[in-house]
Amino acid sequence: MSRSLQEIKDEVAQKIAEAVDVETLDAIRVSVLGKKGELTQILKGMKDLSPEERPKVGQQVNEVRKVLEDKIAEQMASLKDKLLQDKMKRETIDVTLPGTRAIRGHKHPNQVAREALEKVFIGMGYEIVDGPEVEYDKYNFEMLNIPANHPAKDEQDTFYIKRNPEDTENDILLRTQTSSVQARIMEGGKLPIKILSPGRVFRADEVDATHSPSFHQVEGLVVGKDVTMADLKGTLDQFAREFFGPGTKTKLRPHHFPFTEPSAEVDVTCFKCHGKGCGVCKGSGWIEILGCGMVHPHVLEMCGIDPNEYSGFAFGIGLERVALLKYEIDDMRLLYENDVRFLSQF
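The rules we used
Residues numbered from 1 in each chain as written. Predicted model: local features only at pLDDT ≥ 70, side-chain atom pairs only at ≥ 80, totals over all residues. Heavy atoms only, no water. Pairing = 2+ DSSP bridges. Helix = DSSP H or I, 4+ residues; strand = E, 2+ residues; numbered from the N terminus. Salt bridge = Lys/Arg side-chain N within 4 Å of Asp/Glu carboxyl O. Buried < 20%, exposed > 50% of the residue type's maximum accessible area, 1.4 Å probe, protein only. Expected span 1.5 Å × (residues − 1). Contact = heavy atoms within 4.5 Å. Core = buried A, V, L, I, M, F, W, Y, C linked by side-chain atoms within 4.5 Å.

(A) Main features of the pairing of strand S7 (residues 250-257). Direction of pairing for S7 relative to strand S8 (residues 260-269): antiparallel, over a ladder of seven bridges. Bridge assignment links proline 254 to a residue of S8, and that residue is alanine 264. Counted along the chain from S7 to the antiparallel partner S8, the turn is two residues long.

(B) Expanded view of the pattern of salt bridges. Across all of its chains, the model carries 15 salt bridges by this definition. Across the salt bridge formed by glutamate 115 and lysine 107, the nearest N and O atoms sit 2.7 Å from each other. Glutamate 115 sits in the partly exposed class, given a relative accessible area of 32%. Classification of lysine 107 by relative accessible area gives partly exposed; the value is 45%. Between lysine 233 and aspartate 237 there is a salt bridge; the shortest N-O distance is 3.1 Å. A residue pair is termed a helical-turn pair when its members lie 3 or 4 positions apart in one helix, as lysine 233 and aspartate 237 do in helix H9 (residues 229-244) at four residues. Accessibility expressed as a relative area gives 17% for aspartate 237, which makes it buried.

(C) Examining H9 more closely. The terminal C-alpha atoms of H9, which comprises 16 residues, lie 22 Å apart, in line with the 22 Å expected from a rise of 1.5 Å per residue. Every buried residue of H9 is accounted for by Leu232, Thr235, Leu236, Asp237, Phe239, Ala240, Phe243 and Phe244. Where H9 is buried, its residues touch helix H5 (109-122), S7, S8, strand S9 (286-295), strand S10 (311-318) and helix H11 (319-326).

(D) View of the pairing of S9. Most of S9 sits inside the fold, with eight of its ten residues counted as buried. Alignment of S8 against S9, held across eight bridges, turns out to be antiparallel. For threonine 260, the partnering residue across the bridge sits in S9 and is valine 295. Of the pairings in the sheet, the one linking S9 to S10 comprises five bridges and is antiparallel in character. Among the inter-strand pairings, glycine 291 is bridged to a residue of S10, identified as glycine 316.

(E) Looking closely at the nonpolar core. Grouped together as the largest cluster of nonpolar side chains are 35 residues, with contacts concentrated most on Leu117, Phe121, Phe239, Phe244, Leu290, Phe315 and Ile317. Among the secondary structure elements, those contributing two or more residues to this core are H5, strand S6 (214-224), H9, S8, S9, S10 and H11. Per element, the largest residue contribution to this core is six residues, and it comes from H9. By size, the runner-up hydrophobic cluster in this structure holds 22 residues, among which are Phe141, Ile195, Leu221 and Cys303.

Given below as structure tokens:
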């Protein structure tokens, strides 16, 4: 048995020294020192020895166990240290190398244009307000002087959600203009009013370079005592200078809108040629940007405001239109196709 123990010690010591990884070394430990290992089997066989031999053999087994446990622990520490060194070599970071630039998102051109618009009018004392995109006919049409069977309803190609021929005021639709917010604000009766209402609107338009079934408008409304067309002109002049540049001029052309009287369309001097004439303005030197006018007395009456005491003006700006002009984009569809190559320019 002594010879057997010596052979086990020499053989296992050789295997321990040759172990190249932690898994192999752990398998050697289990095969020798585990519950079914060789030394354990020798201890179990001691019952067949004489009482005089048992202490001697037990001592020899413990000595072999101690030697092998020490060798296993030493080799395990060596292998783990090697693993650590290899890992550190693999994960070495050269701090002198240039870093990898993280790709950061940024604001959409529409959002940039909207915030620039809001900043201009907030500076003039306007309050930014919002309203529902799903609206009643009452606020989208009736209270804006567009009654049932009015031609403007056909022109705007409305998306209806619920229709009732006998009660058109309660028809439910996707709003065709953010002027519906103005009707709600005026109906509230809190005067004076000085608001800007940006938001998404919907019309059944075919998609092309200048049209979309879903786009954005920015509506402005001022109601108070002694508000005049001159106030409207001055407001639009200030907006044009701040948004398009200090040398920008405006020109009002007579027009018709059901909810304003008198009404006008507004042109600004071309930001590209500064009024000299170019391809952007088609040689005219002017670019149309919005519609405006004095709030129709009938609209004031329907909203519960006395037109003999109060007056007001309103204007509507197509957000995509000014974004296209400001950033010299020639196709509205580019704003919605989510092409990173295009959006990254902004």
